[in-house]
Amino acid sequence: MTTPLTTSSQPIPLDQPVPHRKVLREWLIPLSGRTYFSAFLFLFMDYALFFALITGTVMFEAASAKLVCGLVAGFVIGRLFIIGHDACHQSLTPNRELNKVLGRIAFLPSLTPYSLWDTGHNVVHHGYTNLKGVDFVWTPLTTEEFAALPTMQRLLERAYRSGWAPGLYYMIEIWWKREFFPNKSHMPTRRPIFFKDSMLVTIFGALWVAVISAAAVATDQSVALSLLLGVAVPFFFWNSMIGFVVYVHHTHVKVSWHNEKSAWMKAQPFVSTTVHLTFKFNIGAMLHHIMEHTAHHVDMSIPLYKLKQAQAKLEEMLPGRIIVQPFSWRWYFQTARDCKLYDFTRECWTDFAGKKTSPVRGNLPQVTAA
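What comes next is a walk through the structure. All of these numbers come straight from a predicted model, not from anything done at the bench.

Counting its regular elements, the chain contains 16 helices and four strands. Its C-alpha atoms give the chain a radius of gyration of 21 Å, near enough to 21 Å, the size a compact globule of 370 residues would have. Considering only C-alpha atoms, the chain reaches an extent of 75 × 50 × 45 Å along its principal axes. Looking at the chain as a whole, 52% of its 370 residues qualify as buried. Long-range pairs, those at least 24 residues apart, make up 68% of the contacts in the chain with a sequence separation of at least 6. Split by element, the accessible area of the chain, about 17200 Å² in all, is 65% carbon and sulfur. Each charge class in the chain can be summarised by its mean position, and for the 34 positive and 24 negative side chains these summaries are 2 Å apart.

Here it is as structure tokens:
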């Protein structure tokens with residue numbers, strides 16, 4: 001019988017169990033240092049880009065230039081959100097209270113209430129990643145659950161899982177239902193800070209709309225078109241971006257979901273339920289390295305500017321255990337075709353008809369790092 005390894009400075013062979021999470025975190029301790037300079041530099045640069053691009057949606061004359069500015073502004077909102085995400089994990093600066101302030105500032109353009117995101121993401125998603133009934137982000141339905149849905153909800157579910165509508169999913173199922181003044185069914189806990197943070201982003205959103213409208217009037221432009229390109233396009237692009245990012249982080253034919261906590265705990269969920277998606281042209285850096293996602297789930301205290309090193313360390317120490325997936329649109333849409341529903345009895349993904357589309361968990365091949 002194999003004896004579990006407790007500590008090791010050498011890579012863990014495949015015939016040995018994955019060490020305790022505390023051991024994995026010990027490997028990453030040298031990378032957990034946070035600096036004020038990096039935090040303020042990233043926040044300042046991304047906010048400067050955001051305001052410049054939003055200004056461009058008004059000041060440029062060509063509609064095509066306005067549209068490009070709006071789309072890129074949506075991407076920058078995503079970058080700001082990732083900074084806020086770090087602050088929410090207390091990994092942005094060494095100061096806890098400052099992180100709360102900077103996190104709220106970084107979350108404003110995405111209209112994300114800080115405390116509600118903190119509860120849903122830190123407590124629920126990171127605490128119970130891919131455990132059905134607890135983790136609510138991109139949770140797959142069973143064939144029975146899908147068949148029992150009302151017609152409109154089935155159509156929505158088909159759209160969500162098509163690969164073409166991650167923004168629609170995130171905007172409706174996450175932002176609208178669980179973050180922006182959520183009702184009691186989606187957030188049973190009621191705290192004054194939830195309402196205050198929802199009001200904070202509402203005020204920011206109202207000011208955003210008011211400034212764009214005033215600028216349109218002052219420059220004799222269509223207010224409706226200006227709001228479309230300067231507010232709606234960036235906001236929907238951001239929703240599409242985050243919906244896509246969260247989807248590819250935890251959806252893969254080699255990633256399992258669980259509906260029993262005991263089985264989930266045995267599966268080492270901080271390693272087995274995440275995907276490291278790699279890109280060409282240094283796109284990962286443009287996303288503040290959030291795609292180095294296994295390292296983030298192993299240790300949330302690693303700041304974004306050290307995630308690449310942390311991910312490399314984990315892949316060095318756990319060869320063949322971490323899912324490393326080179327990105328391509330072909331792979332993405334194949335995943336969308338394969339990962340519609342989940343069969344918890346057979347432990348595999350299925351299509352909407354219940355046909356198995358992935359290997360059962362016990363027959364999964366070992367994953368090699370790319």
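Next, the rest of the story.
We now examine the pattern of salt bridges. In total, this model carries seven salt bridges according to the counting rule given. Between R79 and D46 there is a salt bridge whose closest N-O contact spans 2.9 Å. In this pair, R79 is assigned in helix α3 (residues 63-88) and D46 in helix α2 (residues 36-59), connecting sequence segments 33 residues apart. Each member of the pair R79 and D46 is classed as buried. Between K132 and E145 there is a salt bridge whose closest N-O contact spans 3.1 Å. Taken as a pair, K132 in the loop between α5 (114-125) and α6 (143-147) and E145 in helix α6 lie far apart in primary sequence, 13 residues in all. For K132, a relative accessible area of 18% puts it in the buried group. With a relative accessible area of 31%, E145 lands in the partly exposed category.

Attention now moves to the nonpolar core. Of all hydrophobic cores here, the largest spans 65 residues; its most connected members are F50, W208, V248 and M291. For V248, the residues in contact, after removing those within four places along its chain, are V275, L277, M291, W331 and Y332. Counting 19 residues, the second-largest nonpolar core is a separate cluster that includes L24, V298, L314 and M317.

The subject of this paragraph is the layout of surface pockets. There is about 670 Å³ of room inside the largest pocket. Around the largest pocket, the lining comprises 21 residues; the ones closest to its centre are F244, F279, I283, F327 and W329. Here the lining of the largest pocket takes five residues from helix α10 (residues 223-250), the largest share from any one element. For the lining of the largest pocket, the residue count by class is 17 nonpolar, three polar and one charged.

Conventions and cut-offs
Per chain, the residues get numbers from 1 upward, laid out in the order the sequence is written. Selection of residues for local features in this predicted model requires a pLDDT of at least 70, selection of side-chain atom pairs for listing and counting requires 80 or more, and totals for whole chains, interfaces and linings are taken over all residues. Note that the side-chain values use all heavy atoms of the structure and ignore hydrogens as well as water. Strands are runs of DSSP state E lasting at least two residues, helices are runs of H or I lasting at least four, and both sets are numbered from the N terminus onward. Radius of gyration here is computed from C-alpha atoms only, and the compact-globule reference equals 2.2 Å multiplied by the residue count raised to the power 0.38. Buried means the residue's accessible area, taken with a 1.4 Å probe over protein chains only, is under 20% of the maximum for its type, while exposed means over 50%, and partly exposed covers the values in between. Whether two residues are in contact is decided by their heavy atoms: any pair within 4.5 Å suffices. Computed with the Shrake-Rupley method and a 1.4 Å probe, the accessible areas treat only the protein chains shown as cover for residues. When charges are counted, Lys and Arg contribute as positive and Asp and Glu as negative, whereas His and the chain ends are disregarded. Note on charges: their place is set at NZ of Lys, CZ of Arg, CG of Asp or CD of Glu. Take a side-chain nitrogen of Lys or Arg and a carboxyl oxygen of Asp or Glu: if they are within 4 Å of each other, that pair is a salt bridge. Here, nonpolar core means buried Ala, Val, Leu, Ile, Met, Phe, Trp, Tyr and Cys residues that are tied together by side-chain atoms lying within 4.5 Å of each other. Lining residues are defined by having an atom within 4 Å of a point belonging to a cavity or pocket. Those points lie on a 1 Å grid over the protein atoms alone, cavities being sets where a 1.4 Å probe fits but cannot get out and pockets being open sets with protein on both sides within 12 Å along at least five of seven lines. Grid points are joined across faces, edges and corners, and a volume is the space filled by probe spheres set on the points. All amino acids are sorted into three groups, where Ala, Val, Leu, Ile, Met, Phe, Trp, Tyr, Cys and Pro are nonpolar, Asp, Glu, Lys and Arg are charged, and the leftover types, Gly among them, are polar.

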